[in-house]
Amino acid sequence: MAGSESYARIYEAVLRIPRGRVATYGQIAALAGLPGHARQVGYALHRTPDELAVPWQRVLNAKGEIALRADPIAAKHQRELLRGEGVRFRRNGTVELRKYGWNVVAEEEPDE
DNA sequence: AAACTGACTAATA
DNA sequence: CTATTAGCCAGTT
């Protein structure tokens, strides 16, 4: 498989997400240096190698819900993982991005 | 090589 | 809140 640099950037961005926090695809895309390529982020995560141990579960869509469509099992697993990290889900299966959304500016070091 | 598909987002109504 | 439209790009067929 081709070693796309974009993929590596996406993985790094996801790895930057602090525990107990969630990020949207658009955020990851922008953080990875690919603004507007949210779709590609999802594709990259789908192809994420297990060796990298990327916390893809912390990546949600803009609505704050599990993005997975054709994989309800994995989605359930993801929900459990997030719950274990302290993320509370609403009854409709969405997360309050207003509260759990990863504020990059606040968490990141002032340097760089 | 053209068309189709997909872990998406944002704007508008 | 939902529905619709348009944009985006890599992987499959």
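Higher on the page you've got the structure.
Close to DNA strand C lie Tyr7, His37, Arg39, Gln40, Tyr43 and Arg47, which account for all nearby residues. For DNA strand C, the backbone makes up 68% of the atoms found within 4 Å of the protein, where backbone means sugar plus phosphate. One of the side-chain N or O atoms of Tyr7 is found 3.5 Å from a sugar or linking oxygen in DNA strand C. Gln40 has a polar side-chain atom sitting 2.4 Å from a sugar or linking oxygen of DNA strand C. Here the surface near DNA strand C takes three residues from helix H3 (residues 38–46), the largest share from any one element.

Below, the discussion takes up helix H1 (residues 5–15). The α-helix winds at 3.6 residues per turn, so residues separated by three or four positions along the chain end up facing the same way. Listed in full, the buried residues belonging to H1 are Ile10, Tyr11, Ala13 and Val14. Buried residues in H1, looked at end-on, bunch into an arc of 160°, giving them a common side. Where the residues of H1 are buried, they touch helix H2 (25–31), H3 and strand S2 (59–60).

Evaluation of the coordinates by the stated rule reveals three salt bridges. Residue Arg21 pairs with Glu107 through a salt bridge whose shortest N-O separation is 3.2 Å. With a gap of 86 residues between them, Arg21 in the loop between H1 and strand S1 (23–24) and Glu107 in helix H6 (residues 104–107) connect regions that are remote in the sequence. What makes Glu107 partly exposed here is its relative accessible area of 41%.

All right, on to the packing of aromatic side chains then. Taken as a whole and judged by the stated rule, the model has one aromatic pair. Taking 6.2 Å as the distance between ring centres and 90° as the angle between the ring planes, the aromatic pair formed by Tyr7 and Tyr11 counts as edge-to-face. Taken together, the positions of Tyr7 and Tyr11, both in helix H1 and four residues apart, correspond to about one turn of that helix. A relative accessible area of 23% means that Tyr7 is categorised as partly exposed. A residue is classified by how much of its surface remains accessible, and Tyr11, at 8% relative accessible area, is buried.

With that settled, consider the protein's contact with DNA strand B. Lining the immediate environment of DNA strand B, one finds 16 residues, of which Gly42, Leu45, His46, Ala62 and Leu68 sit closest. Close to the protein, within 4 Å, the atoms of DNA strand B are drawn from sugar and phosphate at a rate of 42%. Taking Arg39, its side chain carries an N or O atom lying 2.8 Å from a base nitrogen of DNA strand B. Here a base nitrogen of DNA strand B sits 2.7 Å away from a polar atom, N or O, in the main chain of Gly42. Where the surface near DNA strand B is concerned, the elements lending two or more residues are H2 and H3. In terms of residue count, H3 provides more of the surface near DNA strand B than any other element does, seven residues in total.

Thresholds, definitions, all that
Residues numbered from 1 in each chain as written. Chains lettered and ligands numbered in written order. Predicted model: local features only at pLDDT ≥ 70, side-chain atom pairs only at ≥ 80, totals over all residues. Heavy atoms only, no water. Near = heavy atom within 4 Å. Polar contact = N/O pair within 3.5 Å; in protein donor to acceptor, adjacent residues only side chain to side chain. Helix = DSSP H or I, 4+ residues; strand = E, 2+ residues; numbered from the N terminus. Buried < 20%, exposed > 50% of the residue type's maximum accessible area, 1.4 Å probe, protein only. Arc of directions from axis to C-beta. Contact = heavy atoms within 4.5 Å. Salt bridge = Lys/Arg side-chain N within 4 Å of Asp/Glu carboxyl O. Phe/Tyr/Trp six-rings, centres within 6.5 Å; stacked < 30°, edge-to-face > 60°.

Without other data, these values stay purely geometric and don't point to any function.
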